[in-house]
Every structure is written in structure tokens, then in C-alpha cells.
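Read off the chains here:
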Amino acid sequence: MHTIETPRGKVSIPDKLYFKIGEVCEIVGVEPHVLRYWEQEFPQLAPQKSTAGQRLYRRKDVETALRIKILREDEGFTIAGAKKRLSAERAAAGRLKVVPIERPADTTAEAAPVADTAPAPKETPSASEMLATLRQIRTGLEDILALLCNTPR
């Protein structure tokens, strides 16, 4: 179960690959016609369709729908303003960060002693920060895979 903090409380998203429109509406708290309208207005919200024509949303789509709802209802954005904000957030999140690999110090007896003038070790990122970074990387890789597979989004 994945939990997202919203201004109205925590929202839990089950660990599933795909969600039907009814499930997404229940999680996000909107009617199906609202979700279908958002699909037309926000290119970031693009569920796949099954062979039977049923909408299949991925976790990323559910999170996007939640973000749209927050922008619209809690932050008071218009559709146009929410589109701009969502695009700006996507662009900012899409930039990859270069993180140097830190290697553990050699703990054998042959290791050279550390001088008193050595720089202080950097703080280790928290588990939630690492998880957020991994999610950004995963989203970026999914976008690249979609481009490589030439699937419409």
C-alpha cells in the first residue's frame, strides 16, 4: 500500500499495476465524468485501454489525478493554471540529479589513518528521500520506455 499526504488527509493507493476507472474515482474522490474530462484536458493523464476498451490507469495516472484534484480544489487553480503548474512540476522532476557514489572506508588494519583535517562526512539521505529519488528515476525510465516502444501517451 502506498500512501500520499494531501491537504485533506492521507490517501492510500493499493499496490497494483492497473486500476479501473471506478477504483481511481474512489481513490481520488471524483466522479467518472470528471476523470474523463481531465483526460481530455491534461496530456499527463493518459490511461491505457484494454482490448475491450476499458480504461486502465497506472499508479502514475492515479497520482496525477490526485495532484490535479489538489491543484483544482485545494489550491484554487483553474484548468489552464493547473495544466501549467503540472507541466512545470513534471519538467522540474524530469531533470536528473547526478549523485556521487560514496564508497565505504576500508576497515582493514592496512588502511591509512584518517587525518584530523578530513572533511566531515555528508549526511546520509533519509529512507523517504531515497524512495522519492527512486520513484523519480522510475518515472523517467517509464517515460523513456514508452518513447522507445513508440506507444502513445
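A short note on the overall build of the protein chain
Point 1. A tally of helices and strands in the protein chain yields five helices and four strands.
Point 2. Of the regular secondary structure in the protein chain, the N- to C-terminal order runs β-β-α-α-β-β-α-α-α.
Point 3. Among the 153 residues that make up the protein chain, the fraction classed as buried is 25%.
Point 4. Long-range pairs, those at least 24 residues apart, make up 49% of the contacts in the protein chain with a sequence separation of at least 6.
Point 5. Summed over all atoms, the accessible surface of the protein chain reaches about 11,300 Å², with 57% contributed by carbon and sulfur.

With respect to the nonpolar core
Point 1. Membership of the largest hydrophobic core comes to 23 residues, with the highest contact counts inside it found for L35, W38, F42 and L45.
Point 2. Broken down by secondary-structure element, the contributors of at least two residues to this core are β2 (9-13), α1 (21-28), α2 (32-41), α3 (59-74) and α4 (79-94).
Point 3. The element contributing the most residues to this core is α3, with five residues.
Point 4. Here L35 is in contact with I21, V24, C25, L45, Y57 and A65, once residues within four sequence places are set aside.

Considering the confidence of the model for the protein chain
Point 1. Confidence in the prediction for the protein chain averages 82 pLDDT; 80% of positions are at 70 or higher.
Point 2. Here strand β1 (residues 2-6) stands out as the least confident element of the protein chain, with mean pLDDT 80; α2 is the most confident, with 96.

So, the packing of α3 against α4
The axes of two packed helices give the description: the angle between them and the distance between them.
Point 1. Interaxial distance between α3 and α4 falls to 10 Å at its minimum, and their mutual angle equals 130°. With respect to α4, the element α3 is oriented oblique. Of the two elements, α3 crosses α4, and the hand of that crossing is right-handed. Side by side, α3 and α4 meet where K60, T64, R67, I68, L71 and R72 of the first sit next to I79, A82, R85, L86, E89 and R90 of the second.

Rules used in this analysis
- Residues numbered from 1 in each chain as written.
- Predicted model: local features only at pLDDT ≥ 70, side-chain atom pairs only at ≥ 80, totals over all residues.
- Heavy atoms only, no water.
- Helix = DSSP H or I, 4+ residues; strand = E, 2+ residues; numbered from the N terminus.
- Buried < 20%, exposed > 50% of the residue type's maximum accessible area, 1.4 Å probe, protein only.
- Contact = heavy atoms within 4.5 Å.
- Areas by Shrake-Rupley, 256 points an atom, 1.4 Å probe, with all protein chains shown as cover.
- Core = buried A, V, L, I, M, F, W, Y, C linked by side-chain atoms within 4.5 Å.
- pLDDT = per-residue confidence, 0-100.
- Axes fitted to C-alpha atoms, helices over the stretch in contact; angles between N-to-C directions.
- Parallel < 35°, antiparallel > 145°, perpendicular 65-115°, else oblique.
- Left-handed = near helix turned anticlockwise from the far one by under 90°.

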